Amino acid sequence: MEFRQIIYFLEISESGTFQKAASRLGLTQPALSKQIYLLEKELGVSVLERGGRSVRLTHEGERFYQYSIRMKEIWEEIQDGFSKDNELKGNYSISAGGTVSAWILPQILKEILKKRPGLSLSVREGDAQETKDAVLKGEVDLGILTGPISEPSLNVLEFLSDRIFPVAVKDHPIFLKKKIRIEDLKKQSFVLFHPGSALRKAVEKKVRSFSKEFGPKIAMELRSVESVIKSLEAGLGIGFLSEYSIGPKLKKIQFVDWNVERKFYLCYRKKSGPGLALLAEEILRSAKEWGSERRPSSL
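These numbers come from a predicted model, not from an experiment. (Residues numbered from 1 in each chain as written. Predicted model: local features only at pLDDT ≥ 70, side-chain atom pairs only at ≥ 80, totals over all residues. Heavy atoms only, no water.)

Participant: Is there a simple way to think about the pattern of salt bridges in this case?
Facilitator: Should the charged atoms of two oppositely charged side chains come close, the side chains can pair. Following the criterion strictly, the structure yields 18 salt bridges and no others. With a shortest N-O distance of 3.4 Å, arginine 223 and glutamate 130 are connected by a salt bridge. Placement of arginine 223 in the loop between strand E8 (217-222) and helix H8 (225-233) and of glutamate 130 in helix H6 (residues 128-136) is noted, with a sequence separation of 93 residues between them. Overall, the relative accessible area of 52% leaves arginine 223 in the exposed class. Looking at glutamate 130, the relative accessible area reads 40%, which means it is partly exposed. (Salt bridge = Lys/Arg side-chain N within 4 Å of Asp/Glu carboxyl O. Helix = DSSP H or I, 4+ residues; strand = E, 2+ residues; numbered from the N terminus. Buried < 20%, exposed > 50% of the residue type's maximum accessible area, 1.4 Å probe, protein only.)

Structure representation (structure tokens):
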């Protein structure tokens, strides 16, 4: 049995006809038929049922199809495993939250793609649960999640740390106070992320540590980082943002003992091929370089 025969068999199974498969493989139909004949002769069973213009898998063919898929995956893993780091290539998908998707990933991926012309990357924005589900279901190759993460089926690698600050537009009345306390925020309106947001959960946990009775007056609950920023810049309330997304129109609200930090982690399935591990390492290297150059000050 030759590996090319397995590839031919898979192509026929997916195409549905010898003619289409032969065209896609760049073979003549008689040459393709001969290879399948040799394959069936060696197996001692018929894997394809010929009928009219189309073909179907026999019962034995269904079983052999599953084996063929596994053999193809193993071969691809072998190829990836012997690829050099500078030969990282292929198509990969990433899911991440709004802050990472908008302010962190673009520059990191831009630098990676410059160095890896054979690499293609796509990004899907989603909240923490959506991202985790997409990775576990195999809908995306790699996810970026806020920790801590406890999932036995995933490889988890630390990506970046992030600090979250209360902010408002620079001319907000809150800044007229010489000293701002958590109690001063109780009468203010808030522009918050939706309840499923990892950032909001981190903020609520910290706020409860200051005052269990503090219930913010919520003016808006939004899904996108851009929507929150635009609303804050319009003076519609106080909000909480990642240090990476605080623009020049907004100002941090400073008060004692406010310290909210979160860590982002790269996650991918443990049964993924070596190529994905190489991509994760590449992203981590680029993130470290980017973070050391662009991390905002704590002031």
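Participant: Can you walk me through the layout of surface pockets in this structure?
Facilitator: Over the atoms rolls a probe the size of a water molecule, and in doing so it shows where empty space is left. Roughly 500 Å³ of volume is contained in the largest pocket. Around the largest pocket, the lining comprises 21 residues; the ones closest to its centre are Thr146, Gly147, Pro148, Ala198 and Lys201. Of all elements in the fold, only H6, strand E5 (142-146), helix H7 (198-210) and strand E11 (260-269) reach the threshold of two or more residues within the lining of the largest pocket. Here the element with the most residues in the lining of the largest pocket is H7; it accounts for 5 residues. Looking at side-chain class alone, the lining of the largest pocket contains 7 nonpolar, 7 polar and 7 charged residues. (1 Å grid on protein atoms, 1.4 Å probe; cavity = no way out; pocket = protein on both sides within 12 Å on 5 of 7 lines; lining within 4 Å. Points joined across faces, edges and corners; volume = space filled by probe spheres on them. Nonpolar A, V, L, I, M, F, W, Y, C, P; charged D, E, K, R; others polar.)

Participant: Please clarify how the environment of alanine 168 should be interpreted in this entry.
Facilitator: Following the sequence through the fold, alanine 168 ends up in strand E6 (residues 154-169). Considering only alpha carbons, one finds alanine 168 and glycine 291, 123 residues apart in sequence, at a separation of 25 Å. Contact partners of alanine 168, with chain neighbours within four places excluded, come to Phe175, Gly237, Ile238, Lys249, Leu250, Lys251 and Ile253. (Contact = heavy atoms within 4.5 Å.)

Participant: Looking at this model, I keep getting lost on empty space enclosed by the protein. Mind explaining?
Facilitator: Here the structure, examined in full by the defined rule, presents 1 cavity of 30 Å³ or more. Roughly 30 Å³ of volume is contained in the largest cavity. Lining the largest cavity are Leu192, Phe193, Leu199, Arg200, Val203 and Phe240. Of all the elements in the fold, those that place two or more residues in the lining of the largest cavity are strand E7 (189-193) and H7. If you tally residues by element for the lining of the largest cavity, the top one is H7, at 3 residues. For the lining of the largest cavity, the class distribution of residues is 5 nonpolar, no polar and 1 charged.

Participant: Is there a simple way to think about a positive patch on the surface in this case?
Facilitator: A cluster of basic residues, Lys177, Lys179, Arg181 and Lys187, forms a positive patch at the surface. Its location among the elements puts lysine 179 in the loop between E6 and E7. (Patch = residues over 30% accessible without salt bridge, like charges linked within 9 Å, V, L, I, M, F, W, Y side chains within 5 Å. Areas by Shrake-Rupley, 256 points an atom, 1.4 Å probe, with all protein chains shown as cover. Lys, Arg positive; Asp, Glu negative; His and termini not counted. Charge placed at Lys NZ, Arg CZ, Asp CG, Glu CD.)

Participant: Explain the side chain of glutamate 243 here, please?
Facilitator: Its location among the elements puts glutamate 243 in the loop between strand E9 (239-242) and strand E10 (250-252). On the basis of relative accessibility, which here comes to 3%, the residue glutamate 243 falls in the buried class. Among the polar contacts listed, one links the side chain of glutamate 243 to the side chain of arginine 163, at a separation of 2.7 Å. (Polar contact = N/O pair within 3.5 Å; in protein donor to acceptor, adjacent residues only side chain to side chain.)

Participant: I keep staring at H7 and nothing clicks. Help me out?
Facilitator: At 3.6 residues per turn, the α-helix brings residues three or four places apart onto the same side. For H7, which comprises 13 residues, the first-to-last C-alpha distance of 19 Å matches the rise-based estimate of 18 Å (1.5 Å per residue) to within 8%. Every buried residue of H7 is accounted for by Leu199, Arg200, Val203 and Val207. Down the axis of H7, the smallest arc covering the buried residues is 90 degrees, so these residues share one side. Looking at H7, the residues exposed on the side facing more than 90 degrees away from the buried face are Lys205 and Ser209. Of the surrounding secondary structure, the elements contacted by the buried residues of H7 are E6, E7, E8, E9 and E11. Capping the start of H7, serine 197 holds a side-chain oxygen 3.2 Å from the backbone nitrogen of leucine 199, two or three residues further along. (Expected span 1.5 Å × (residues − 1). Arc of directions from axis to C-beta.)

Participant: Please clarify how a nonpolar patch on the surface should be interpreted in this entry.
Facilitator: Together, Ile74, Trp75 and Ile78 give the surface a local cluster of nonpolar side chains, amounting to about 280 Å² of exposed area. Locating isoleucine 74 in the fold gives a position in helix H4 (residues 59-81).

Participant: Whenever I open this one, unusual backbone geometry confuses me. Can you help?
Facilitator: Negative phi characterises most residues that are not glycine, and trans characterises most peptide bonds. Following glycine 147, the chain continues to proline 148 via a peptide bond in cis, the omega torsion being 0 degrees. Inspection of the secondary structure assignment puts proline 148 in the loop between E5 and E6.

Participant: Please clarify how the packing of aromatic side chains should be interpreted in this entry.
Facilitator: Two aromatic rings, taken as a pair, are described by how far apart their centres are and by the angle between their planes. This structure, assessed with the given rule, holds 6 aromatic pairs. Taking the centre distance of 5.6 Å and the plane angle of 50 degrees together, the rings of phenylalanine 3 and tryptophan 75 count as tilted. Here phenylalanine 3, found in helix H1 (residues 3-15), pairs with tryptophan 75, found in helix H4; they are 72 residues apart in sequence, far enough to count as distant. When the ring of phenylalanine 190 is compared with that of phenylalanine 240, the centres are 6.0 Å apart and the planes differ by 5 degrees; the resulting orientation is stacked. With a gap of 50 residues between them, phenylalanine 190 in strand E7 and phenylalanine 240 in strand E9 connect regions that are remote in the sequence. (Phe/Tyr/Trp six-rings, centres within 6.5 Å; stacked < 30°, edge-to-face > 60°.)

The quantities given are spatial measurements derived from coordinates; they are silent on function.
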